[in-house]
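Structural features, examined
If you want the building blocks of each chain, they are given just below.
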Amino acid sequence: MDGFPILSVMLAVPLVAAVLCLFLDANGARWTALGATLVNLALGIGLWLSYEVGGPQWQFTERADLFAGFSYALGIDGIALMLIVLSVFLMPACILASWDSIQKRVGEYMAAFLIMELLMIGVFAAQDMLLFYIFFEAGLIPMYLIIGIWGGDNRIYASYKFFLYTLLGSVLMLIAMLWMINEAGTTDIPTLMQYDFPPAAQTWLWLAFFASFAVKMPMWPVHTWLPDAHVQAPTAGSVILAGVLLKMGGYGFIRFSLPMFPEASAQFVWLILGLSMVAVVVTSLIALVQHDMKKLIAYSSVAHMAIVTAGLFAFNVQGLEGAMIMMLSHGLVSGALFLCVGIIYDQLHTREIDRYGGLSINMPKYAIFFLLFTMASIGLPGTSGFVAEFLSLAGIYEVSSLATFVLTTGIILGAGYMLYLYRRVAFGEQKNADAAAMRDLNLREWFMLGPIAAAVLWMGVYPESFLAPMRADIAALDARLARAAPEGDAKLVAGEPLTAAANAMPDGEHGEGHGDDHGDDNSEGPE
Amino acid sequence: MDIVNSLALSSPEILLTISGLILLMVCAFVGDKAARIVTILAVAALFGATAITADFLTNPAFELGGDAWAGIYRMDAFGSFSKILIYLAAIGCLIVTPKFFDATGEYRPEYPVLMLFGAVGMGLMVSAVDLMTLYMGLELTSLASYVLASFTRSDDRSAEAGLKYFVLGALASGILLYGMSLVYGFTGSTNYIGIRVALQDGLSTGALFGIVFVLAGMAFKIAAVPFHMWTPDVYEGAPTPVTAFFATAPKVAAIVIMMRIALDPFGGQSDAWQQIVIFAALASIVVGALGAISQDNIKRLLAYSSINNVGFILIGLAAATEAGAAAMLVYLTIYVAMSLGSFVVVMMMRDADGKQVEEISKLGGLSRSQPWLALCMAMMMLSLAGIPPLFGFWGKLVVFQAAVQADMVLLAALGIAASVIGAFYYLKIVKIMYFDEPAGVVAPSHDTARWAVLAVTALIVSPLGYLLIVPLGALASRAAAALFFII
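Numbering of residues starts from 1 in every chain and runs along the sequence as written. Each chain is given a letter, starting from A, and each ligand a number, starting from 1, according to the order in which they appear as written. Only residues with pLDDT of at least 70 are given local features in this predicted model, and only at 80 or more are side-chain atom pairs given and counted; all residues enter the totals for whole chains, interfaces and linings. Side-chain calculation: all heavy atoms of the structure are included, whereas hydrogens and water are not.

- Looking at an unreviewed UniProt entry, one finds chain B named NADH-quinone oxidoreductase subunit N, with Pontixanthobacter rizhaonensis as its source organism.
- UniProt positions are given in the numbering used here, feature names are shortened, and annotations may be inferred rather than shown by experiment. UniProt's Subunit (unreviewed entry) comment on chain B is quoted here verbatim: "NDH-1 is composed of 14 different subunits. Subunits NuoA, H, J, K, L, M, N constitute the membrane sector of the complex."

- The name given to chain A in an unreviewed UniProt entry is NADH-quinone oxidoreductase subunit M, with Pontixanthobacter rizhaonensis as the source organism.
- Quoted straight from UniProt, the Sequence similarities (unreviewed entry) entry for chain A says "Belongs to the complex I subunit 4 family."

What follows is the structure, given as structure tokens:
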């Protein structure tokens, strides 16, 4: 795909479709939006396939000097690639999820979602710091409208809280960016990633970026906008919020905070680990007592994101890879869980857990999908959640045994609230007649959940596909961080690797016990 | 020879003055039925002046500008840039005006003539390099403004606005004149160069008082806190097109003369006035934002919004650098587009009987009855709040960048944090238009002129505006360089 500006095309497709949607009637807008997101999904897959693993760090770079003071520069590394693929993968499901449930102002709704997709891709693809900021902040406007127009009863409060909270977090980052541009004389992100800022300044810069990303992530105690926004947003809005918008915080840490301010990052490891530990335990306990399904999943998001932050600040390859896989996995799983909630909400119009029960009897197919995603959220081996949690915790263990211990209890609590949720919704007796009368999945819902389920299993069984493009970038980041990496308390020592295969038998016994087999093998060989 | 040169350099003002006088004759002899043709001719005259000024700005032959009338008037890129902005704002206001008075039939040909004389005064102000020329220009503009504010004679609020504006404006002029006399007394000159030279060896207490009084008078004119009290009342009472004019052209002129006077004659003593400007900037941002929250009249809200924006513009002045001056000019340009666009929307807020609607709650559900109007207004509001990807963000960005470059990180951080307060009430308008149930009050408008002005301003404010960054930035830097050239 040499010379083909694929990233710009991926930005242009939703833009054109969004403008079209404003002029079309409801059905036209739905099909246009679905078509555009599918085209973008195809482009995203093309991007993944043509991404050269082990090639140059920044690929598909584009540059146009349209502006003064900053430039239109796009380009991706493996980390950005995976997050872009995640975004374009979730979008068609979002459009499908809104197919019937959104009946008023459909054109504007689809336009808002398509603009959102444009901005998400822009955030991950921007190679210029101000361009990144523009995409990062601009996402507030469509999300504000999505929550405010199509949201639940308390939508106005939630939309304001979402907007102002995130805006306050971000503006200080802008000042920090301006300072960095002034100091380094460039807005180019790859250059800035190699620039060594004076350690004293790094502290302040790190805090300014932290203010923005911690809110976006969200980290305890600035997470309170999230449950409100999630609960009030329409289903697809929650999917995008949980699936992609939260990842912007993690992406910010991995793209800005860690490589640009390694010393300051090392200095604040205690803060990140402390907040993450509190977050995991506190939000898991809060999730345990929720009566509202969306709120429960929202709090579980905070807990999962805390493992991401802890993994990122483990300063080693496992931690970083684990955090990235956690972001991808959580994007899929929590997105899918919100879709599951949406499917039953559309029929019964309540998120109250007690209003359901025994759904596995009348909705067996639904119950299977819901179970799969519940297990993936808990981190059952074979699902993406296991890979994510195992890698992250293995990385964190090198830094702090205590943190690992506390974060692991979070996983146990996670199993607690997710299984409890599942039991109340899907098992037990059918105590509510209306819930018992609900229909099972239709074809549209199959198309929403099926691909995500496949991806969750794929990531759980063969994570290499997802890790391979990111490996070189994470290794580069690890090398950059090495000079500041804090000394861990685990003091792991690499053992001597065995020369023989792990299942090889000692020679002496081998001859006696398996001689016959070998003989048979040989005899059947060449003859 | 000298007089020919002087005439050439001040030709925009001369063109406008002659046009104004001729049109005044037309008013006197033809009467009210000439209103339409006088408006068209006034717009044409302003376009002519814009064209001449644009030539001054871009023609390499005028690279260094030039002094006219024995050093009391200076044609340079800085003045030319500001004048173009002022003329364009005046044109925008004039185009949308006649339709506004249709309902009451109060439109008279004096209106465009007053606008023309106001434009002459503003041109004179921004080109003044002598305190006397400055004062002449300022008063010419102010007198035209007082009359315009009370233009709808039958409306008590309009008369009150005119009176308030006159009394407080006169007070401000008095303060300014007192400051000027102190400056003259302690430096022995009314000429900018003379003052600058006299202040080079140090600042006497008397001259310091002079500077403070001059800046206080200016702060009145630009409506910066703590001299902002007149703004909401005048903006509310004056007819909406006049309010739109006040919020754009005279505001630009006042800010530009403040820049010139602070950076040129007082430029060597920036330490003396920087703290005043920093205080005024932060106070304006905070008061403008907090004051707007409880407003339910859209014009009062926009008045507070203009106070808020002046605060951001002053951050560029606080930096006291060339980059800061260029940033202010960029911000002013975007600000003019945003204000003009918002006020055009306000003008289009009329009920089925053609009566002006000013309560914000009446905008409820506008996005469903008039999606395009609501979209334009939402863009203006979010742009005023400085949310990317709208162009208002760029204005804030360059101003804060200038402050950061001048090592005023704390000022920039405080200013931008306070901008979040402002975002709240801008969001409130978007919320009312998009989330609330339709109030069904605002009737559709079909006036081409208004839609044209709104479309142009909306295009500038939209993300497409970012394509203007290169030319706008280049012209603003050139203008700022001209301002600093004499130093």
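The structure having been displayed, the exposition proceeds.
**Quick look at the overall build of chain A**
- Where helices and strands are cited, they refer to DSSP runs of H or I of at least four residues and of E of at least two residues respectively, numbered from the N terminus. Scanning chain A for helices and strands turns up 23 helices and two strands.
- For 527 residues, the compact-globule estimate of 2.2 N^0.38 gives 24 Å, and chain A sits close to it at 24 Å.
- Whether a residue is buried, partly exposed or exposed follows from its accessible area with a 1.4 Å probe, protein chains only, as a fraction of its type maximum: under 20%, in between, or over 50%, in that order. Considering chain A as a whole, with its 527 residues, one finds that 64% of them fall into the buried category.
- The contact criterion used throughout is that any non-hydrogen atoms of two residues lie within 4.5 Å. Looking at chain A alone, contacts between residues at least 24 apart form 82% of all its contacts between residues at least 6 apart.
- The Shrake-Rupley method, run with a 1.4 Å probe sphere, supplies the accessible areas, and residue values consider only the shown protein chains as cover. Only carbon and sulfur atoms are counted for the fraction: they give 64% of the accessible area of chain A, which is about 18700 Å².
- Note on charges: Lys and Arg go in the positive column, Asp and Glu in the negative column, and His and the chain ends are not counted at all. The atom standing in for a charge is NZ when the residue is Lys, CZ when it is Arg, CG when it is Asp and CD when it is Glu. Each charge class in chain A was averaged separately, 23 positive and 43 negative side chains, and the resulting centres sit 18 Å apart. Here the globule rule reads 2.2 Å times residues to the power 0.38, and the radius of gyration is calculated from C-alpha atoms.

**As for the packing of helix H3 (residues 78-97) of chain A against helix H11 (residues 235-260) of chain A**
Residue and element names in this part refer to chain A.
- Two numbers describe how H3 lies on H11: the axes approach to 10 Å, and their chain directions differ by 175 degrees. Taken together, the axis directions place H3 and H11 in an arrangement best described as roughly antiparallel. Mapping the contact onto sequence places Ile79, Ala80, Leu83, Leu86, Ser87, Leu90, Met91 and Cys94 in H3 and Ala236, Val239, Ile240, Gly243, Val244, Lys247, Tyr251, Ile254 and Arg255 in H11.
- The class makeup of the residues in the contact of H3 with H11 is 13 nonpolar, two polar and two charged. Under this scheme, a helix contributes an axis fitted over its contacting stretch, all axes are lines through C-alpha atoms, and angles between N-to-C directions fall in the 0 to 180 degree range. The cut-offs work like this: below 35 degrees is roughly parallel, past 145 is roughly antiparallel, 65 to 115 is roughly perpendicular, and the gaps in between are oblique. Put simply, Ala, Val, Leu, Ile, Met, Phe, Trp, Tyr, Cys and Pro go in the nonpolar bin, Asp, Glu, Lys and Arg in the charged bin, and everything else, Gly too, in the polar bin.

**Remarks on the nonpolar core**
- Ranked by internal contacts, the top residues of the largest apolar core, which has 410 residues, are Phe132(A), Phe373(A), Leu134(B), Trp273(B), Leu314(B), Leu317(B) and Trp394(B).
- Looking at this core, the element that brings in the most residues is helix H14 (residues 322-347) of chain B, giving 19 residues.
- In this structure Phe373(A) touches Val333(A), Ala336(A), Leu337(A), Cys340(A), Leu449(A), Ile452(A), Ala453(A) and Val456(A), once residues within four positions along its chain are discounted.
- Here, the term nonpolar core denotes a set of buried Ala, Val, Leu, Ile, Met, Phe, Trp, Tyr and Cys residues that are joined through side-chain atoms within 4.5 Å. The next biggest cluster of nonpolar side chains, apart from the first, holds five residues, and it includes Leu9(B), Ala68(B), Tyr73(B) and Met75(B).

**Observations regarding the UniProt feature "domain: NADH:quinone oxidoreductase/Mrp antiporter transmembrane" (unreviewed entry) in chain B**
- With numbering matched to this structure, UniProt assigns "domain: NADH:quinone oxidoreductase/Mrp antiporter transmembrane" (unreviewed entry) to residues 128-422 of chain B.
- From the first C-alpha to the last, residues 128-422 of chain B spans 35 Å; its make-up is 77% helix and 0% strand.

**Points about the UniProt feature "domain: NADH:quinone oxidoreductase/Mrp antiporter transmembrane" (unreviewed entry) in chain A**
- Residues annotated by UniProt as "domain: NADH:quinone oxidoreductase/Mrp antiporter transmembrane" (unreviewed entry) correspond here to residues 126-411 of chain A.
- Taken as a whole, residues 126-411 of chain A contains 81% helix and 0% strand, while its terminal C-alpha atoms sit 34 Å from one another.

**Focus: the confidence of the model for chain A**
- Averaged over all residues, the pLDDT of chain A equals 86, while 95% of them reach at least 70.
- Per residue, pLDDT measures the predictor's confidence, with a range of 0 to 100. Within the model, pLDDT remains below 50 along residues 511-527 of chain A, and this stretch shows three contacts once partners closer than five positions in the same chain are excluded.

**Comments concerning the layout of surface pockets**
All names here are of chain B.
- There is about 660 Å³ of room inside the second largest pocket.
- Of all the secondary structure elements, the ones that give two or more residues to the lining of the second largest pocket are helix H3 (35-58), helix H4 (77-101), H14, helix H19 (448-461) and helix H20 (469-485).
- Looking at the lining of the second largest pocket element by element, the count peaks at seven residues for H4.
- In terms of residue class, the lining of the second largest pocket is made up of 22 nonpolar, three polar and no charged. With a 1 Å grid laid over protein atoms only, a set of points is called a cavity when a 1.4 Å probe fits there but cannot get out and a pocket when it is open yet has protein on both sides within 12 Å along at least five of seven lines; lining residues have an atom within 4 Å of a point. Grid points are joined across faces, edges and corners, and a volume is the space filled by probe spheres set on the points.

**Considering the interface of chain B and chain A**
- Across the contact, 34 residues belong to chain B and 33 residues belong to chain A.
- Throughout, buried area stands for the accessible area (probe radius 1.4 Å) lost by two parts on being put together, summed over both. Buried area between chain B and chain A, both sides added, is near 3200 Å², and the carbon and sulfur share of it is 82%.
- Any Lys or Arg side-chain nitrogen found within 4 Å of a carboxyl oxygen on Asp or Glu counts as a salt bridge. Inspection of the region where chain B meets chain A yields zero salt bridges.
- Polar contact criterion, stated in full: a pair of N or O atoms within 3.5 Å, where within protein one must be able to donate a hydrogen and the other to accept it, and residues adjacent in sequence count only if both atoms are side-chain atoms. Counting the contacts that link chain B with chain A gives five residue pairs in polar contact (both at pLDDT 80 or more).
- Secondary-structure elements contributing two or more residues to the side of chain B that touches chain A are helix H15 (366-369), helix H16 (371-384), helix H17 (392-405), helix H18 (409-434) and H20 of chain B.
- The leading source of residues in the side of chain B that touches chain A is H18(B), at 13 residues.
- The residue makeup of the side of chain B that touches chain A, split by class, is 27 nonpolar, three polar and four charged.

**Comments concerning helix H15 (residues 317-348) of chain A**
Residues and elements named next belong to chain A.
- The length a helix should cover is 1.5 Å for every residue beyond the first. Over its 32 residues, H15 extends 46 Å from the first C-alpha to the last, a length consistent with the 46 Å expected when each residue adds 1.5 Å.
- The buried fraction of H15 is high, at 27 of 32 residues.
- At the exit of H15 stands histidine 349, carrying a positive phi of roughly 55 degrees.

**Quick look at the confidence of the model for chain B**
- Of the residues in chain B, 99% reach a pLDDT of 70 or more, and the chain-wide mean stands at 90.
- Here the complex is predicted with pTM 0.90, and the ipTM for its interfaces comes to 0.90.

**A closer look at unusual backbone geometry**
- Here the residue pair Trp220(A) and Pro221(A) is connected by a cis peptide bond, since its omega of 5 degrees sits within 30 degrees of zero.
- Along the chain, Pro221(A) falls in the loop between helix H9 (199-216) and helix H10 (225-232).
- Cis geometry marks the peptide bond from Val225(B) to Pro226(B); its omega dihedral reads 5 degrees.
- Inspection of the secondary structure puts Pro226(B) in the loop between helix H9 (205-222) and helix H10 (230-237).
- The phi angle at His349(A) is positive, at roughly 55 degrees, despite the residue not being glycine.

**A look at the pairing of strand E2 (residues 72-76) of chain A**
Residues and elements named next belong to chain A.
- In terms of residue burial, E2 counts as a mostly covered element, since five of its five residues are buried.
- Burial along E2 is two-sided: Tyr72, Leu74 and Ile76 and Ala73 and Gly75, pointing in opposite directions, are all buried.
- Direction of pairing for strand E1 (residues 59-64) relative to E2: antiparallel, over a ladder of four bridges. If you follow arginine 63 over to E2, its bridge partner there is alanine 73. In this analysis, strands are considered paired if DSSP registers two or more bridges between them.

**Observations concerning the environment of Ser150(B)**
All names here are of chain B.
- Mapped onto the elements, serine 150 comes out in the loop between helix H6 (131-149) and helix H7 (156-187).
- Here the alpha-carbon distance between serine 150 and valine 346, two residues 196 residues apart in the chain, equals 19 Å.
- Residues contacting serine 150, with those up to four places away along its chain left out, are Ser158, Ala159 and Gly162.
- Here tyrosine 146 takes part through its backbone oxygen, which lies 3.2 Å from a polar atom of the side chain of serine 150.

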